[in-house]
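Residue-level structural notes
Here are the chains, one letter per residue:
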Amino acid sequence: MNRKQLLTAIFVIGLLAIAFFCFGDGNEVVPLSPDDIGQGAQTAVDIPNYNEYTLDDVLDNKGNILADEDMAKESEKSPNMETKQVEKINEQAEDKPNEVPESNKKENPLKNETEKEKLMDPKLEKQKIIERDNKNKDKKDKYLTDPVPEGKPKPVEWQDVKINYDKELTCTLSVTCKSILNNMHLFNMDKLEVLPEDGVIYEAQTVTFYEGESVFDVLLREMKKNKIHMEFVMTPIYNSYYIEGINNLYEFDCGELSGWMYRVNGWFPNYGCSRYMLQDGDVIEWVYTCDLGRDIGGEWAVIGGEE
Amino acid sequence: MIIDSFSSFHPIVNFTYFSAVLLFSMFFMHPVFLGISLVSAFVYSVMLKGKKAVKFNILYMMPLLLFMAILNPAFNHQGVTILFYLKSGNPITLESILFGVASACMFVTVILWFSCYNAVMTSDKFIYLFGRIIPGLSLILSMVLRFVPRYTAQIKVISNAQKCVGRDVTQGNVIAKARNGIKILSIMTTWALENAIETGDSMRARGYGLPKRTSFSIFRFDNRDKVTFAVMAGLIVIVLIGAVMGENTMRFFPSIKTINTTIFSLVVYTAYFILCMLPVIINIMEEIKWKYIVSRI
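Fair warning: this is a prediction, and the values are worked out from it, not measured in the lab.

**Let's talk about the overall build of chain A**
Tallying secondary structure elements over chain A gives ten helices and seven strands in all. Per-residue burial for chain A yields a buried fraction of 42% across its 307 residues. Contacts in chain A between residues at least 24 apart in sequence constitute 73% of all its contacts with a sequence separation of at least 6. Roughly 18400 Å² of accessible area belongs to chain A as shown, and the carbon and sulfur atoms make up 55% of that amount.

**Details of the pairing of strand β3 (residues 230-235) of chain A**
All names here are of chain A. Bridge count for β3 against strand β4 (residues 240-246) is six bridges, and the pairing is antiparallel. Across the sheet, residue Glu-231 finds its bridge partner in β4, namely Gly-245. As consecutive antiparallel partners, β3 and β4 are separated by four residues, and within that stretch Asn-239 has a phi angle of approximately 50 degrees, a positive value.

**Topic: the packing of aromatic side chains**
Enumeration according to the criterion identifies 33 aromatic pairs over all chains in this entry. Summarising the aromatic geometry, the rings of A:Phe232 and A:Tyr241 are spaced 5.3 Å apart at their centres and angled 90 degrees between planes, so their arrangement reads as edge-to-face. Among the aromatic residues, ring-to-ring pairing joins B:Phe6, B:Phe9, B:Tyr17, B:Phe18, B:Tyr44, B:Trp113, B:Phe114 and B:Tyr117 into one connected group. Its guanidinium or amino end placed over the ring of B:Tyr85, A:Lys224 lies 4.9 Å from that ring's centre, counting from NZ or CZ.

**Concerning the pattern of salt bridges**
Applying the stated criterion across every chain, the model contains twelve salt bridges over all chains. Between A:Arg221 and A:Glu213 there is a salt bridge; the shortest N-O distance is 2.5 Å. In this structure, B:Glu286 and B:Lys289 form a salt bridge, with 3.9 Å as the shortest nitrogen-oxygen distance. On the criterion of helical spacing, the pair formed by B:Glu286 and B:Lys289 is a turn pair, its members being three residues apart in helix α9 (residues 263-296). Looking at B:Glu286, the relative accessible area reads 30%, which means it is partly exposed. Here B:Lys289 falls in the partly exposed class, since its relative accessible area comes to 48%. When salt bridges that share partners are traced, they join A:Glu125, A:Asp291 and A:Arg294 into one network.

**Some words on a nonpolar patch on the surface**
All names here are of chain B. A cluster of nonpolar residues, Leu-83, Phe-84, Leu-94, Leu-98 and Ile-256, forms a patch on the protein surface that exposes about 400 Å² of accessible area. Elements with a contribution of two residues or more to the nonpolar patch: β1 (82-85) and α4 (94-120). Mapped onto the secondary structure, Phe-84 falls in strand β1.

**Observations regarding the sheet that holds strand β6 (residues 259-264) of chain A**
Residue and element names in this part refer to chain A. Judged by pairing direction, the sheet is mixed, and its four strands sit side by side in the order β2-β1-β7-β6 without closing on themselves. In this open sheet, the two edge strands, each paired with only one partner strand, are β2 (200-211) and β6. Each adjacent strand pair in this sheet contributes to an overall mean axis angle of 25 degrees, direction not counted. Pairing of strand β1 (residues 164-176) with strand β7 (residues 283-289), which is carried by five bridges, proceeds in the parallel orientation. Bridge pairing in β7 links Leu-173 to Ile-284. Packed onto the sheet, helix α9 (residues 215-225) meets β1, β2, β6 and β7 and runs at close to 120 degrees relative to β2.

Calculation rules
Residues numbered from 1 in each chain as written. Chains lettered and ligands numbered in written order. Predicted model: local features only at pLDDT ≥ 70, side-chain atom pairs only at ≥ 80, totals over all residues. Heavy atoms only, no water. Helix = DSSP H or I, 4+ residues; strand = E, 2+ residues; numbered from the N terminus. Buried < 20%, exposed > 50% of the residue type's maximum accessible area, 1.4 Å probe, protein only. Contact = heavy atoms within 4.5 Å. Areas by Shrake-Rupley, 256 points an atom, 1.4 Å probe, with all protein chains shown as cover. Pairing = 2+ DSSP bridges. Phe/Tyr/Trp six-rings, centres within 6.5 Å; stacked < 30°, edge-to-face > 60°. Lys NZ or Arg CZ within 6 Å of the ring centre and 35° of its normal. Salt bridge = Lys/Arg side-chain N within 4 Å of Asp/Glu carboxyl O. Patch = residues over 30% accessible without salt bridge, like charges linked within 9 Å, V, L, I, M, F, W, Y side chains within 5 Å. Axes fitted to C-alpha atoms, helices over the stretch in contact; angles between N-to-C directions.

The analysis is restricted to geometry; functional conclusions fall outside its scope.
Now the structure itself:
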């Protein structure tokens, strides 16, 4: 009797082990093509004036939220400039893969990084991230946000901001989920009918907003206006709204590491979208990630980058 | 009220029926299946308990159903058909409302089935079935299932005894009332613990769980049980085949979608209907037989 039980136990354990090794991984995430990621990074690199501009603006806002009339005129001009530049970059990005695909790969360290990560033990990686996080504990702000890199806008609490409805500004908004198309093996097939074929839910277009509004406000208004479904929830610990799903594409619909992230002017902020106060001419991109941002080049905002 | 002849069947038949019906109504979210299950659970509970069941179903189950149906769309905003927006900005969708209604139906149905289960599967039947396979667990289960009615009865006894010495919850000022209430609760807890241990000890003293012991009630698996069990097994197989073919479920999110109704799905629906109504059918047949015999005397 005892031997029988022992044998059964060994058999069950063996079965579990076989199942673990055979079916354990099949969930590898395919990153987005380097061109698609590069697009955002280049916008940040190619427009050096841009960051200075936003920084100045933030400084101005600290003293006086209502900007001068001259400033307003300037900002009216800049969006056109912006869109032109973005168009140019788009053209460049489209041309590049045909001309110099190899150099493109070299330029982009992301691919090498992901290969390294695959080699690294996931447990070790997790430990490293936790260690790094603990080291930074004192530097974090009230809402657990790591220090924002220099030249990038600091988080602004939406409770403190008074929206100035008299002043209309413009920004560019887009919502895409191209990463899902590369990872259809992880995708929740029930949602197939709401997945756009080209991965574009809301094409990049110029939208108006009022001074003092956050990325979240703009997204909510535009999604409502265009009758695109969207669900969000308030997370008081980060003092920000969390976007659970857009167009019925929810977090975790494409693997357990998937969800919505946002990028402003090519940078993934490391704080919530309600705390990012928009400046005139900002380029907001909402992107779906299948791998905690690693597949779209936004891993720094989630898990911190190695220096 | 008709005498429930389904209760007189072999415990295996009863237990298989209830476990099948409970599991099916928990997992099948198709509206037809939900409807069949809800209606038959309602009919059978009324048949078992008469007017009391009707009152309970309408007084408690209807508000519960409405509450559950409203609760879901308040927190779940998935779905492609946006009806209107909440003040916070989240959408209310048709799909989430329908899902709320369906899950509320399921919830109420399962409660009704459990109320029927409690009336039919008495503890001696349960012990007869599982006393030898899992003696400890089946004793605990049969004791736990009796907790609520037993404790309410015992609390009444304690409170009456306390009333005699002027220490009931109804006597004295607010502080005294609270103190008396806590005292009654403490007596109750002590009694419950002691009683559980006593039951366990007395069961052991009588050799409970030892091999070759007979049970309190003796059931025979006769021809009537065999036929019913075979019919039930056939119906369960048909319903399970339907489940494998995807006939019994419905996709709610992001949009509502079911498999088209074919002749086969109609077969599955009827099989499920007969399965759920089996005790009711048996009871009515017995009743007709009885009337017929009586009329011939």
